[in-house]
Amino acid sequence: MSETTAFVKVQDASCWFDVSAPWLERVLKRRPRIQLKAVNGVSFSLQKGETLALVGESGCGKSTVARLLVGLYEATGGYIEFDGQPISKLRTREGKHLRQRLQMIFQDPYASLNPRWRVARIIAEPLKVHGRMSRAEREARVDVLLEQVGLSPSDRNRYPHQFSGGQRQRISIARALAANPEFLVCDEPTSALDVSVQAQVLNLMKRLQRELGLTYLFISHNLAVVHHVADRIAVMYLGKIVELATRDELFERPRHPYTRMLLSAIPDTSGAGKQRVPVAGEVPNPLNPPTGCPFHPRCPYARDICRNEMPATLPDGATLVACHGVQQGWIPDSDAEATAVATSAR
Ligand code: SF4
């Protein structure tokens, strides 16, 4: 993919939070500053109309990346660009037009919708902020948006608590679409929903993408969900991307041991009795991350170099992967061999 034509470009982005004690206590007790490196040197790009999924266990930094992209957090380092313009512009007066072009859908539709507002007011709010529409034009646009997300214009006077979880997420999507955005950052948009409703919302999002030419960054902890929507998948672990590949390549030939662990956690409904790499251990404390490769305390293939040196992110075919074992050829290719190694290491 040509980096120069990327619609969204994230280059070595970091987001660190100071979690030290209040400054006076820290100075008096001579405590050092403590920083939480929620995102630490993340790079990826998106083409227009593409869906990139960001997956990983909770606490890996994927929601922080989402907030960086819509300007809710400011990057500590690196560079983020949207359609050739720096994302830092979002925080300026001139950034109003840019803000309109990118929107976010949150995980919990109930928490993100004002419970005291009727649906019509919730959806029309971005139109008031970003548009110069008359009241009648806004009303008409709300009806169109309700229909676009599979609700009825007759729902416009109801309150959020009068809808099911799936319908509330449809309202969130309608609100995000109100300002005619081009890029949607979707932070676990289906994880609060029942499985049957998840599929309906995912299908709705795919249809809207086709009809409106949207670009999605889709964040999820569930690889099975992103399989339905993603063109490419980036796997995050402790603030870093450890593997980035096309969806088919990642599912058919996962390289990184952590990706294999996540894939093993997907229930096997094929009846083929797939080999599994057991999911071992817990995500380490991000305030005290392991030296070298952050995955080494959980990795069945770890060697001395893994404990001492952070692996670089290098291409393996069209896949980008950060793993000494893949780069130096000691990770087995087949699932069966991987399972044997992983099981014996436990
Ligand atoms: Fe495992 Fe080493 Fe690769 Fe890290 S670098 S994933 S510890 S083999």
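I will try to describe carefully the structure that is included in this document. (Residues numbered from 1 in each chain as written. Predicted model: local features only at pLDDT ≥ 70, side-chain atom pairs only at ≥ 80, totals over all residues. Heavy atoms only, no water.)

1. Comments concerning the site of the ligand
Near the ligand you find 13 residues, and of these C293, C299, C306, C323 and H324 are the closest. Residues of the shell around the ligand, tallied by class, amount to nine nonpolar, four polar and no charged. (Near = heavy atom within 4 Å. Nonpolar A, V, L, I, M, F, W, Y, C, P; charged D, E, K, R; others polar.)

2. Remarks on the pairing of strand β10 (residues 240-246)
When you tally the buried positions in β10, you get five out of seven residues, the bulk of the element. Counting the residues in the hairpin turn of strand β9 (residues 232-237) and β10 gives two residues, including L238, whose phi is positive at 50°. With two bridges joining them, β10 and strand β12 (residues 319-321) adopt antiparallel strand pairing. Each residue of the ladder has a partner; that of E243, found in β12, is V321. (Buried < 20%, exposed > 50% of the residue type's maximum accessible area, 1.4 Å probe, protein only. Helix = DSSP H or I, 4+ residues; strand = E, 2+ residues; numbered from the N terminus. Pairing = 2+ DSSP bridges.)

3. Brief notes about the packing of aromatic side chains
All told, the structure shown has six aromatic pairs when counted by the stated rule. Between F7 and F82, the aromatic rings sit 5.0 Å apart at their centres with planes inclined by 55°, giving tilted as the arrangement. Here F7, found in the segment before β1 (8-18), pairs with F82, found in strand β4 (residues 77-82); they are 75 residues apart in sequence, far enough to count as distant. Under the relative-accessibility criterion, F82 is labelled buried at 1%. An aromatic cluster is built from F7, F82 and F183, whose rings are joined through pairwise contacts. The aromatic ring of W16 is capped on one face by K37, whose charged end is 4.4 Å from the ring centroid. For R158, the ring lying beneath its charged end belongs to F163, and the centroid distance is 4.3 Å. (Phe/Tyr/Trp six-rings, centres within 6.5 Å; stacked < 30°, edge-to-face > 60°. Lys NZ or Arg CZ within 6 Å of the ring centre and 35° of its normal.)

4. Things to note about the sheet that holds strand β5 (residues 85-86)
Reading across the sheet, the four strands line up as β2-β1-β4-β5 and stay open at both edges, with antiparallel pairing between neighbours. Each end of this open sheet is capped by a strand with a single partner; those strands are β2 (35-46) and β5. Pairing geometry for β4 and β5, over two bridges, is antiparallel. Bridge pairing links E81 to P86 in β5.

5. A look at the pattern of salt bridges
Going through the model one piece at a time under the given rule, you end up with 16 salt bridges. Here R298 makes a salt bridge to E57, at a shortest N to O gap of 3.0 Å. Of this pair, R298 sits in the loop between α11 (257-264) and α12 (304-308) while E57 is found in the loop between β3 (51-55) and α2 (62-69), placing the two residues 241 residues apart along the sequence. A relative accessible area of 22% means that E57 is categorised as partly exposed. In the salt-bridge network here, residues are joined through shared partners; they are K48, D83, R101 and E182. (Salt bridge = Lys/Arg side-chain N within 4 Å of Asp/Glu carboxyl O.)

6. Section: the nonpolar core
By size, the foremost hydrophobic cluster in this structure holds 63 residues, and its most contacted members are I173, L223 and I233. Discounting chain neighbours no more than four positions away, the residues touching I173 are I105, V149, V201, L204, M205 and L208. Ranked by size, the runner-up nonpolar core spans 32 residues in total, among them A13, V70, V185 and L217. (Core = buried A, V, L, I, M, F, W, Y, C linked by side-chain atoms within 4.5 Å. Contact = heavy atoms within 4.5 Å.)

7. A few points about the sheet that holds β9
Overall, mixed pairing links the eight strands, which are arranged β6-β7-β8-β3-β9-β10-β12-β11 in an open sheet. Both outer strands of the open sheet, β6 (102-105) and β11 (314-316), are each paired with one neighbouring strand and no more. Shown here is a sheet whose adjacent strand axes are inclined to one another by a mean of 20°, direction ignored. Judged from the three bridges that link them, β11 and β12 form a sheet pairing that is antiparallel. Of the residues in β12, the one forming a bridge with L314 is V321. Against the sheet, helix α7 (residues 165-177) touches β6 and β7 (183-187), its axis set at about 170° to β6. (Axes fitted to C-alpha atoms, helices over the stretch in contact; angles between N-to-C directions.)

8. Thoughts on helix α5 (residues 119-130)
Taken together, the buried positions of α5 are occupied by V119, A120, I122, I123, A124, P126, L127 and H130. Packing partners of the buried residues in α5 comprise α3 (96-101), β6, α6 (135-148) and α7.

9. Overview of the environment of P160
Examined against the element boundaries, P160 turns out to sit in the loop between α6 and α7. Distance in space between the C-alpha atoms of P160 and W117 is 7.8 Å, their sequence separation being 43 residues. Aside from chain neighbours lying at most four places away, what touches P160 is Y110, L113, N114, P115, W117, I122 and R168.

10. Points about the environment of P257
Within the secondary structure, P257 sits in helix α11. On the basis of relative accessibility, which here comes to 4%, the residue P257 falls in the buried class. The sequence separation of P257 and P115 amounts to 142 residues, and the corresponding C-alpha distance is 44 Å. Here P257 is in contact with F295, C299, Y301, C323 and I331, once residues within four sequence places are set aside.

11. Some words on the side chain of D187
For D187, the location among the structural elements is in strand β7. A distance of 3.0 Å separates polar atoms of two side chains, one belonging to D187 and the other to R67. Setting aside residues up to four positions removed in sequence, D187 forms contacts with S63, R67, M104, I105, F106, Q107 and I219. (Polar contact = N/O pair within 3.5 Å; in protein donor to acceptor, adjacent residues only side chain to side chain.)

12. Points about a nonpolar patch on the surface
Together, W23, L24, V27 and L28 give the surface a local cluster of nonpolar side chains, amounting to about 480 Å² of exposed area. Within the secondary structure, L24 is located in helix α1 (residues 23-28). (Patch = residues over 30% accessible without salt bridge, like charges linked within 9 Å, V, L, I, M, F, W, Y side chains within 5 Å. Areas by Shrake-Rupley, 256 points an atom, 1.4 Å probe, with all protein chains shown as cover.)

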